[in-house]
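# Observations on the three-dimensional arrangement
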Amino acid sequence: SSDLAAHVEGKVPMILDMAGLAQKGGAVLSHVRIARADRPVAAPRIAAGTADLLLAADTVVAASKDCVVLCDPSRTDAVVNTHLAPVSGFTRDRDFDFKVPAVERALGAVVRPDSRSHDFSALARRLTGDEIGANLMMLGYAWQLGLVPVGRDAIRQAIELNGVSVRANSDAFDWGRVLAHDPGRVAALAKPAETEEAKPLSEMPMDALLTHRAAHLRAYQDDRLAQRYLTRIAALSAAAERAGLD
């Protein structure tokens, strides 16, 4: 989204994308460089020690040799997802040692000491219903902290132009912004209700699900938005009943 947003703003993005390796259980590391149109970059690869921002969706990959060489503790800000994702070694060995303390130390040594970390995957699952929202949530979090050199409107337009899960991705981006502004508030909202703690959103009773969604809308904006949501759902339910639909 950030590279497309750069295009929208008239900036020049260059990308070295290694995402295809994920299909074989390998590490995913992408270089993204954004420049002004009058000062374009010559190559997509980030030079050693010159990364301004590390968006670490996977700590094991982020602490790899290929990644840490790009960082500098006096320059590189980091937004880190602490969620542990299975790697190829784990699929072959259930006792695979992720060496979490060592990974965290290695990563902490190469980025600025005030870098931030959260379990974005868990937060995305609770707030948007799907862990895949963690990536856009991290982008929104970094944007709110002033670490992404493109505007909010351009990012929103890029999400729309991409055409994939537009509402969900927009919501995830905005939840990331709220998290950066008020992490305590978001943590409280993401905490499972005692009576529903073991249930995913897909298994909640309808009344509990509506209450859950309305609470998020109220926290995100105001009670008016939450009430508008509930009113529309009630109207749809009434229409379905009149039509004899279950």
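Conventions we followed
- Residues numbered from 1 in each chain as written.
- Predicted model: local features only at pLDDT ≥ 70, side-chain atom pairs only at ≥ 80, totals over all residues.
- Heavy atoms only, no water.
- Helix = DSSP H or I, 4+ residues; strand = E, 2+ residues; numbered from the N terminus.
- Buried < 20%, exposed > 50% of the residue type's maximum accessible area, 1.4 Å probe, protein only.
- Contact = heavy atoms within 4.5 Å.
- Areas by Shrake-Rupley, 256 points an atom, 1.4 Å probe, with all protein chains shown as cover.
- pLDDT = per-residue confidence, 0-100.
- Axes fitted to C-alpha atoms, helices over the stretch in contact; angles between N-to-C directions.
- Parallel < 35°, antiparallel > 145°, perpendicular 65-115°, else oblique.
- Nonpolar A, V, L, I, M, F, W, Y, C, P; charged D, E, K, R; others polar.
- Salt bridge = Lys/Arg side-chain N within 4 Å of Asp/Glu carboxyl O.
- Pairing = 2+ DSSP bridges.
- Core = buried A, V, L, I, M, F, W, Y, C linked by side-chain atoms within 4.5 Å.
- Expected span 1.5 Å × (residues − 1).

## Details of the overall build of the protein chain
What the protein chain contains, in helices and strands, is 12 helices and 5 strands. Per-residue burial over the protein chain gives 33% buried out of 246 residues. Restricting to contacts in the protein chain with at least 6 residues of sequence separation, those with at least 24 account for 60%. Accessible surface, the protein chain as shown: approximately 14600 Å² in total, 53% of it carbon and sulfur.

## A few points about unusual backbone geometry
Non-glycine residue Ser-165 carries a positive phi angle of around 45 degrees. Relative to the elements of secondary structure, Ser-165 occurs in the loop between α8 (152-162) and α9 (166-181). Looking at Ser-165, the relative accessible area reads 47%, which means it is partly exposed.

## Side note on the confidence of the model for the protein chain
Within the protein chain, residue pLDDT values average 84, and 84% of them lie at 70 or more. In the predicted structure, residues 93-97 sits below a pLDDT of 50 and forms 3 contacts with residues beyond four places in sequence or in another chain.

## Concerning the packing of helix α6 (residues 120-128) against helix α7 (residues 134-144)
For the pair α6 and α7, interaxial distance at closest approach is 8 Å and the crossing angle is 105 degrees. The orientation of α6 with respect to α7, classified from their angle, is roughly perpendicular. Contact residues: Phe-120, Ser-121, Leu-123, Ala-124 and Leu-127 in α6; Ala-134, Met-137, Met-138 and Tyr-141 in α7. Of the residues assigned to the contact of α6 with α7, the class counts are 8 nonpolar, 1 polar and no charged.

## Quick look at the pattern of salt bridges
Across all of its chains, the model carries 8 salt bridges by this definition. The partner of Glu-9 in a salt bridge is Lys-11, with the nearest N and O atoms 3.3 Å apart. The structure contains a network of salt bridges with shared partners spanning Asp-77, Arg-112 and Asp-114.

## A closer look at the side chain of Asp-174
With respect to the element layout, Asp-174 can be found in helix α9. When neighbours within four sequence positions are excluded, Asp-174 is seen to be in contact with Arg-156 and Tyr-220.

## Digging into the environment of Leu-217
Turning to its location among the elements, Leu-217 is positioned in helix α11 (residues 206-220). As for Leu-217 and Tyr-229, which are separated by 12 residues in sequence, their C-alpha atoms are 8.3 Å apart.

## Some thoughts on the side chain of Thr-76
Within the secondary structure, Thr-76 sits in the loop between α3 (65-68) and β4 (77-81). In contact with Thr-76, other than residues within four places in its own chain, are Ala-51, Asp-52, Leu-53, Leu-54, Leu-70, Cys-71, Val-110, Val-111, Arg-112 and Ser-115.

## Let's talk about the sheet that holds strand β5 (residues 116-118)
Backbone hydrogen bonds hold the strands of a sheet together, and the pairing may be parallel or antiparallel. Ordered by their spatial adjacency, 3 strands build an open sheet running β3-β4-β5, and the pairing between neighbours is parallel. Two strands close off the open sheet at either side, each with one partner strand: β3 (53-56) and β5. When strand polarity is set aside, the average angle formed by the axes of neighbouring strands in this sheet is 5 degrees.

## Some points on the nonpolar core
For soluble globular proteins, nonpolar side chains are generally found buried alongside one another. By size, the foremost hydrophobic cluster in this structure holds 30 residues, and its most contacted members are Phe-120 and Ile-155. Residue assignment for this core shows that the elements contributing at least two residues are α1 (2-8), α6, α7, α8, α9 and α10 (183-190). Per-element accounting of this core gives the leading share, 8 residues, to α7. Every residue in contact with Ile-155, bar those within four places of it in the chain, is listed here: Ala-5, Leu-139, Trp-143, Val-148, Val-150 and Phe-173. In this structure, Ala-78, Val-80, Leu-107 and Val-111 belong to the second largest nonpolar core, which totals 13 residues.

## Remarks on α7
Summarising burial for α7: 9 of the 11 residues are buried, a large majority. Burial in α7 covers these residues: Ala-134, Leu-136, Met-137, Met-138, Leu-139, Gly-140, Tyr-141, Ala-142 and Trp-143. Following α7 by one or two positions, Gly-146 adopts a phi angle in the positive range, close to 80 degrees.

## Observations concerning α11
The terminal C-alpha atoms of α11 lie 21 Å apart, and with 15 residues this matches the ideal 21 Å at 1.5 Å per residue to within 8%. Residues of α11 that are buried: Leu-209, Leu-210, His-212, Ala-214, His-216 and Ala-219.

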